[in-house]
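Geometric and topological summary
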Amino acid sequence: MTMTNSQTTWDVLIDAAWQAREHAYAPYSGFRVGAAVQCADGSIYGGCNIENVSYGLTNCAERTAMFQAVANGAKEFHRMVICADTPEPIAPCGACRQVMVELAPQMEVLLINKEGKQIFTTVEKLMPYSFSDFPQQTENDEGDV
Ligand code: THU
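The model shown is predicted, which means the values in this text are computed figures rather than measured ones.

Positive phi, close to 50°, is recorded for Tyr129, a residue that is not glycine. Along the chain, the position of Tyr129 falls in the segment after helix 4 (123-126). Assessed through its relative accessible area of 87%, Tyr129 is described here as exposed.

In this section: the nonpolar core. Counting residues in hydrophobic clusters, the biggest one holds 24 residues, and the most contacted among them are Val37, Phe77, Ile82 and Met107. Sorting the residues of this core by element identifies strand 1 (33-39), helix 2 (61-71), strand 3 (77-84), helix 3 (94-103), strand 4 (108-113) and helix 4 as the ones contributing at least two each. Once residues within four sequence positions are removed from consideration, Met107 is found in contact with Val37, Phe77, His78, Arg79, Met80, Met100, Thr122 and Val123. Residues Leu13, Ile14, Ala16 and Cys83 belong to the second largest nonpolar core, which totals eleven residues.

By nearness alone, 13 residues border the ligand, and Asn49, Glu51, Cys60, Ala61 and Glu62 come closest of all. Here an oxygen atom of the ligand and a backbone polar atom of Ala61 are 2.9 Å apart. At 2.5 Å from an oxygen atom of the ligand is found a side-chain nitrogen or oxygen belonging to Glu62. In isolation the ligand offers 370 Å² of accessible surface; the protein chains occlude 78% of this area. A class-by-class count of the residues in the shell around the ligand yields eight nonpolar, three polar and two charged.

Turning to the packing of helix 2 against helix 3, a few remarks are in order. Following both chains from N to C, one finds helix 2 and helix 3 inclined at 30°, their axes separated by 9 Å at the closest point. Judged on the interaxial angle alone, helix 3 and helix 2 are roughly parallel. Of the two possible hands of crossing, helix 2 and helix 3 adopt the one that is left-handed. Facing Glu62, Arg63, Met66, Phe67 and Val70 of helix 2, the residues of helix 3 in contact are Ala95, Cys96, Val99, Met100 and Leu103. Across the contact of helix 2 with helix 3, the residue classes tally to eight nonpolar, no polar and two charged.

Should the charged atoms of two oppositely charged side chains come close, the side chains can pair. Scanning all chains against the criterion turns up one salt bridge. The residue Lys117 makes a salt bridge to Glu88 at a minimum N-O spacing of 2.7 Å. One end of the pair, Lys117, is in the loop between strand 4 and strand 5 (118-122); the other, Glu88, is in the loop between strand 3 and helix 3, with 29 residues separating them in the sequence. Accessibility expressed as a relative area gives 38% for Lys117, which makes it partly exposed.

Further remarks concern the environment of Pro105. Checked against the element boundaries, Pro105 lands in the loop between helix 3 and strand 4. Residues Pro105 and Val123, 18 residues apart in the sequence, show an inter-C-alpha distance of 5.8 Å. When residues no more than four places from it in sequence are discounted, the contact partners of Pro105 are Met100, Val123 and Glu124.

For the coordinates displayed, the defined rule picks out two aromatic pairs. Ring geometry for Trp10 and Phe120: centres 5.6 Å apart, planes at 80°, overall edge-to-face. Placement of the pair is Trp10 in helix 1 (residues 7-21) and Phe120 in strand 5, with a sequence separation of 110 residues. Taking relative accessible area as the criterion, Trp10 reaches 0% and is therefore assigned buried. Measuring from centroid to centroid gives 5.6 Å for Tyr28 and Tyr55, while their planes differ by 40°, and the two rings are tilted. In this pair, Tyr28 sits in the loop between helix 1 and strand 1 while Tyr55 sits in the loop between strand 2 (44-48) and helix 2, placing the two residues 27 residues apart along the sequence. By relative accessible area, Tyr28 is classed as partly exposed at 39%. The exposed category is assigned to Tyr55, whose relative accessible area is 58%.

Rules and cut-offs
- Residues numbered from 1 in each chain as written.
- Predicted model: local features only at pLDDT ≥ 70, side-chain atom pairs only at ≥ 80, totals over all residues.
- Heavy atoms only, no water.
- Helix = DSSP H or I, 4+ residues; strand = E, 2+ residues; numbered from the N terminus.
- Buried < 20%, exposed > 50% of the residue type's maximum accessible area, 1.4 Å probe, protein only.
- Core = buried A, V, L, I, M, F, W, Y, C linked by side-chain atoms within 4.5 Å.
- Contact = heavy atoms within 4.5 Å.
- Near = heavy atom within 4 Å.
- Polar contact = N/O pair within 3.5 Å; in protein donor to acceptor, adjacent residues only side chain to side chain.
- Areas by Shrake-Rupley, 256 points an atom, 1.4 Å probe, with all protein chains shown as cover.
- Nonpolar A, V, L, I, M, F, W, Y, C, P; charged D, E, K, R; others polar.
- Axes fitted to C-alpha atoms, helices over the stretch in contact; angles between N-to-C directions.
- Parallel < 35°, antiparallel > 145°, perpendicular 65-115°, else oblique.
- Left-handed = near helix turned anticlockwise from the far one by under 90°.
- Salt bridge = Lys/Arg side-chain N within 4 Å of Asp/Glu carboxyl O.
- Phe/Tyr/Trp six-rings, centres within 6.5 Å; stacked < 30°, edge-to-face > 60°.

If you want it as structure tokens, here you go:
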């Protein structure tokens, strides 16, 4: 694994992700996830999964962290850590990847578990060929709107 920034920086972010996981609200799945993002100015925001009895309304830890950051004025994201207590580190779901592409296309992502297994990746690798632009429609396809 090649980490482009100091180990210390990652360690702080790793701690923040585990800390955020403590707040997971997961009464339906019992599956607790933590995430933490570090922004361009060094600020760190944590997130946990927040479930709902209407299952589809569940918000993943990754989106909670990113939305928390945006709500506090963050504009640029450098790194994210995602943690769970699983045999292998977990990967973010498709919805979270789409949000990453929108808000943090250059972000580095570290997936970790309790045993200290780490998978280092990037948003670019997690979401190739993404819908990240709103292209011009062809004239024939404008419809009635
Ligand atoms: N979950 C996350 O928070 N992040 C992921 O990367 C995968 C899944 C949550 C959503 C739900 O609360 C629970 O884990 C089970 O899917």
